[in-house]
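So the chains spell out like this:
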Amino acid sequence: APAVLAAALLPVLAACARGPEPAGPEVPVTDEPQRAATHGPFFPECGGVSDQEVMALTRVPGLVNTAKTSVGCQWLAGGSIVGPHFSFTWFRGSPIGRERKTEEYSRTSVEDITIEGHDGFIAIAEDPRMGVYLCEIGIQFDDDFIEWSVSYASPPLPADACEVAKELTRQSIVNAK
């Protein structure tokens, strides 16, 4: 029995004696210290915008706040994923440029925008049948950014998606601490 056990352990011990396996492609090493993220203001829950304000601005009755976290909220008509949806998201220590690039690949247009003295982007999706049905605004605060997304599902659109997104963003900026 000891001979069988020794024979079974021999390959395991031999593998351990070889040393570390190559880790794959080499990662460049830099002497530059990593810069700590500089955070912008604190945004209250849901960007400081109440469910009633979201319903009033979007003109969509029966919105349900289906996702409420420390960094965002989502409102859906009747709580269903089928239909209009609206969301606020707060990205801490995340580059806004990556989000903007994603929008540039997937939206009809992306332009610069300034709201309450803060710079960012406004992304628009347009459909020949519906017009502008989706508008997303991202605003930079140091190494953080917030994003409001306003998306209507079908015509007739109850409000101008970009005017709603601008006002929701403005309210969140004003409510930041």
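Everything here concerns the structure above.
Computed from a predicted model, the values in this text were never measured in an experiment.

Rules and cut-offs
For every chain, the first residue of the written sequence is number 1, and numbering continues from 1 along that sequence. In keeping with the model being predicted, local features are shown solely for residues with a pLDDT of at least 70 and side-chain atom pairs are shown and tallied solely at 80 or more, while totals for entire chains, interfaces and linings include all residues. Hydrogens and water molecules were not included; the side-chain quantities draw on all heavy atoms of the structure. Ring geometry is summarised as follows: Phe, Tyr and Trp rings, the Trp one being its six-membered ring, pair when their centres sit within 6.5 Å, and such pairs are stacked at plane angles under 30 degrees, edge-to-face over 60 and tilted between the two. Only DSSP runs of H or I with at least four residues qualify as helices, and only runs of E with at least two residues qualify as strands; both kinds are numbered from the N terminus onward. Exposure categories follow from relative accessible area, calculated using a 1.4 Å probe and restricted to protein chains: below 20% of the type maximum is buried, above 50% is exposed, and the middle band is partly exposed. Cysteine sulfur atoms are paired as a disulfide whenever they fall within 2.5 Å. Among the buried residues, those of types Ala, Val, Leu, Ile, Met, Phe, Trp, Tyr and Cys that are joined through side-chain atoms within 4.5 Å form a nonpolar core. Pairs of residues are marked as contacts when any of their non-hydrogen atoms sit within 4.5 Å. In this analysis, the expected span of each helix is defined as 1.5 Å times one less than the number of residues it contains. Here a polar contact is recorded for every N or O atom pair within 3.5 Å, except that within protein the pair must consist of a potential hydrogen donor and a potential acceptor, and residues adjacent in sequence are included only if both atoms are side-chain atoms.

Asks: Explain the packing of aromatic side chains residue by residue, including any values.
Replies: Across all of its chains, the model carries eight aromatic pairs by this definition. Taking the centre distance of 5.5 Å and the plane angle of 75° together, the rings of Phe-86 and Tyr-152 count as edge-to-face. With Phe-86 in strand β3 (residues 85–91) and Tyr-152 in the loop between β7 (144–151) and α4 (161–175), this pair connects stretches of sequence that are 66 residues apart. In terms of burial, Phe-86 and Tyr-152 fall into one category: buried. Pairwise contacts between aromatic rings join Phe-42, Phe-43, Trp-75, Phe-88, Trp-90, Phe-141 and Trp-148 into one cluster.

Asks: Please give an account of the state of the cysteines that cites residues and values.
Replies: Applying the stated rule across the entire model yields two disulfides. Residue pairing for Cys-46: its cysteine sulfur links by disulfide to Cys-73, the two sulfurs lying 1.9 Å apart. Its S-S torsion of about -75° marks the bond between Cys-46 and Cys-73 as left-handed, since a negative value means left-handed. Note that Cys-46 is positioned in the loop between α1 (2–17) and α2 (51–58) and Cys-73 in strand β2 (residues 72–77), a separation of 27 residues in sequence. Neither residue differs from the other here; Cys-46 and Cys-73 are each classed as buried. With its sulfur 2.3 Å from that of its partner, Cys-135 forms a disulfide with Cys-162. Residues Cys-135 and Cys-162 share a disulfide whose torsion about the S-S bond is about 105°; that sign makes it right-handed. Here Cys-162 lies in helix α4 and Cys-135 lies in strand β6 (residues 131–141), a separation of 27 residues in the sequence. Cys-135 gets classed as buried once you look at its relative accessible area, which sits at 0%.

Asks: Give a description of the environment of Ser-87 that names residues and reports values.
Replies: You can see Ser-87 is positioned in strand β3. Expressed as a C-alpha distance, the spacing of Ser-87 and Leu-168, which sit 81 residues apart in the sequence, is 9.9 Å.

Asks: Go over the nonpolar core, please, and point to the residues and values.
Replies: Formed by 30 residues in total, the largest nonpolar core has its most connected members in Val-54, Trp-75, Phe-86, Ile-139, Ile-146, Val-150 and Tyr-152. Broken down by secondary-structure element, the contributors of at least two residues to this core are β2, β3, β4 (109–115), β5 (118–127), β6, β7 and α4. Take this core: its biggest share by element is six residues, from α4. Ignoring anything within four residues of it in the chain, the contact list for Ile-139 reads Ile-96, Ile-113, Ile-115, His-118, Asp-119, Gly-120, Asp-144, Phe-145, Ile-146, Thr-169 and Ile-173. Grouped together as the second largest cluster of nonpolar side chains are five residues, Ile-96, Phe-121, Ala-123 and Phe-145 included.

Asks: Any chance you could break down α4 for me, citing the residues and the numbers?
Replies: Compared with the 21 Å implied by 1.5 Å per residue over 15 residues, the 21 Å span of α4 between its first and last C-alpha is a close match. Looking at α4, one finds that the buried residues are Ala-161, Cys-162, Val-164, Ala-165, Leu-168, Thr-169, Gln-171, Ser-172 and Ile-173. Those residues of α4 that are buried are in contact with α2, β3, β4, β5, β6 and β7. Capping the start of α4 is the job of one residue whose side-chain oxygen sits 2.9 Å from the backbone nitrogen of Cys-162: Asp-160.

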